Amino acid sequence: MRTWLVAAAILWPALLSAATVERIRGEAPAFTTTIYLIASRVCHQRPERSFQSRAVTWPVCARCSGLYLSAPIGAILALLAVRRGTTRSPRRIRQVLALAALPTLVTLGVEWSGALPVTSVWRALAAVPLGAAVAWAVTAVAPGSSEPIR
């Protein structure tokens, strides 16, 4: 199961990137439409909150881009840790997730308060720790380990 999670964490951002490239080229309309449609189920896809390449809006917003682009790192680190026999307690996993969520929460608070404008770059960068941490946590607790989480 863990190997599949790592593969999925790598495959999804690759598909998002491929869809963007194909849209830029004006090719593979069925493929790109399918990816953008799937992405719309998990992201608002607001153009003003999304990155654009050559006037093509990415399939997910900047915050989701940060989450998805960092997920492979977290998933691979968890897979390596499990293979080394390193496990984390559920309490430690919750602490890591809470800490990793702080940058995103700060940008949300600043954005919603209207105190400062939050750019797409800041949204994406703030989401990187959370994306990596969630992928790490999900991969670490997934079935497939010979050793239970302590």
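As shown above, the structure is provided for reference.
Not measured: the values here are computed from a predicted model.

Peer 1: Please provide a residue-by-residue account of helix H2 (residues 29–40), values included.
Peer 2: Taking 1.5 Å of rise per residue, the 12 residues of H2 would be expected to cover 16 Å, and the 16 Å separating its terminal C-alpha atoms lies within 8% of that figure. Lining the buried residues of H2 we find helix H1 (2–25) and strand E2 (56–57).

Peer 1: Any details on the packing of H1 against H2? Residues and values, ideally.
Peer 2: At their nearest, the axes of H1 and H2 sit 9 Å apart, and the two run at 130 degrees to each other. The orientation of H1 relative to H2 falls into the category oblique. Here H1 runs over H2; the crossing is left-handed. For the pair H1 and H2, contact is made by Trp12, Leu15, Leu16, Ala18, Ala19, Thr20, Glu22 and Arg23 and by Phe31, Thr32, Thr33, Ile35, Tyr36, Ile38 and Ala39, respectively. Of the residues in the contact of H1 with H2, the class split is 10 nonpolar, three polar and two charged.

Peer 1: So what's going on with a nonpolar patch on the surface? Residues and values would help.
Peer 2: On the surface, Ile10, Ile73, Ile76, Leu77 and Leu80 cluster together into a nonpolar patch covering about 430 Å² of accessible area. Among the elements that line the nonpolar patch, the one with the most residues is helix H3 (residues 62–84), at four residues. Along the polypeptide, Leu80 turns up in helix H3.

Peer 1: A description of unusual backbone geometry should follow, citing residues and the corresponding values.
Peer 2: With glycine set apart, most residues show a phi of negative sign, and most peptide bonds adopt trans. Backbone geometry at Ala28 places phi at a positive 50 degrees, although glycine is not the residue there. Even without glycine at this site, Arg54 takes up a positive phi of about 50 degrees. Structurally, Arg54 can be placed in the loop between strand E1 (52–53) and E2.

Peer 1: Summarise the packing of aromatic side chains; cite the residues concerned and give the values.
Peer 2: In this structure the tally under the stated criterion is two aromatic pairs. Seen in terms of ring centroids, Trp12 and Tyr68 are 6.1 Å apart; in terms of plane orientation they differ by 85 degrees. Their pairing is edge-to-face. Placement of the pair is Trp12 in helix H1 and Tyr68 in helix H3, with a sequence separation of 56 residues. Residue Trp12 is classed as buried on the basis of its relative accessible area of 19%. Where Phe51 meets Trp58, the ring centres are 5.0 Å apart and the plane angle is 55 degrees; that geometry is what we call tilted. Sitting over the face of the ring of Tyr36, Arg23 holds its NZ or CZ atom 3.8 Å from the ring centroid.

What counts as what
- Chains are numbered independently. Their residues run from 1 in the order of the written sequence.
- Per-residue local features of the predicted model are confined to residues with pLDDT of at least 70, and side-chain atom pairs are confined, for both listing and counting, to 80 or more; whole-chain, interface and lining totals are unaffected and use all residues.
- Hydrogens and water are ignored here; the side-chain numbers use all heavy atoms of the structure.
- Only DSSP runs of H or I reaching four residues or more are called helices, and only runs of E reaching two or more are called strands; each is numbered from the N terminus.
- A helix is expected to span 1.5 Å for every residue after the first.
- Contacts are residue-level and defined by heavy atoms, with any inter-residue pair within 4.5 Å sufficient.
- Throughout, an axis means a line fitted to C-alpha atoms (over the contacting stretch in the case of helices), and angles, computed between N-to-C directions, take values from 0 to 180 degrees.
- Any angle that is under 35 degrees is reported as roughly parallel, and any over 145 degrees as roughly antiparallel; angles of 65 to 115 degrees are reported as roughly perpendicular and all others as oblique.
- Crossings are assigned a handedness: left-handed for a near helix turned anticlockwise from the far helix by less than a right angle, right-handed for a clockwise turn.
- Each residue is assigned to one of three groups, with Ala, Val, Leu, Ile, Met, Phe, Trp, Tyr, Cys and Pro labelled nonpolar, Asp, Glu, Lys and Arg labelled charged, and all others, Gly among them, labelled polar.
- Only residues whose relative accessible area exceeds 30% and that form no salt bridge are eligible for patches; like-charged ones are grouped when within 9 Å, while nonpolar side chains (Val, Leu, Ile, Met, Phe, Trp, Tyr) are grouped when within 5 Å.
- Per-residue accessibility takes into account occlusion by the displayed protein chains alone, with areas from the Shrake-Rupley method and a 1.4 Å probe.
- Throughout this description, the term salt bridge denotes a Lys or Arg side-chain nitrogen within 4 Å of a carboxyl oxygen of Asp or Glu.
- For Phe, Tyr and Trp, rings pair up if their centres lie within 6.5 Å, where Trp contributes its six-membered ring, and each pair is then called stacked (planes under 30 degrees apart), edge-to-face (over 60) or tilted (otherwise).
- Whether a residue is buried, partly exposed or exposed follows from its accessible area with a 1.4 Å probe, protein chains only, as a fraction of its type maximum: under 20%, in between, or over 50%, in that order.
- A positively charged side chain is recorded as over a ring if its NZ (Lys) or CZ (Arg) lies within 6 Å of the ring centre. The angle to the ring normal must also be within 35 degrees.

Any link to function would need more than the numbers given here.
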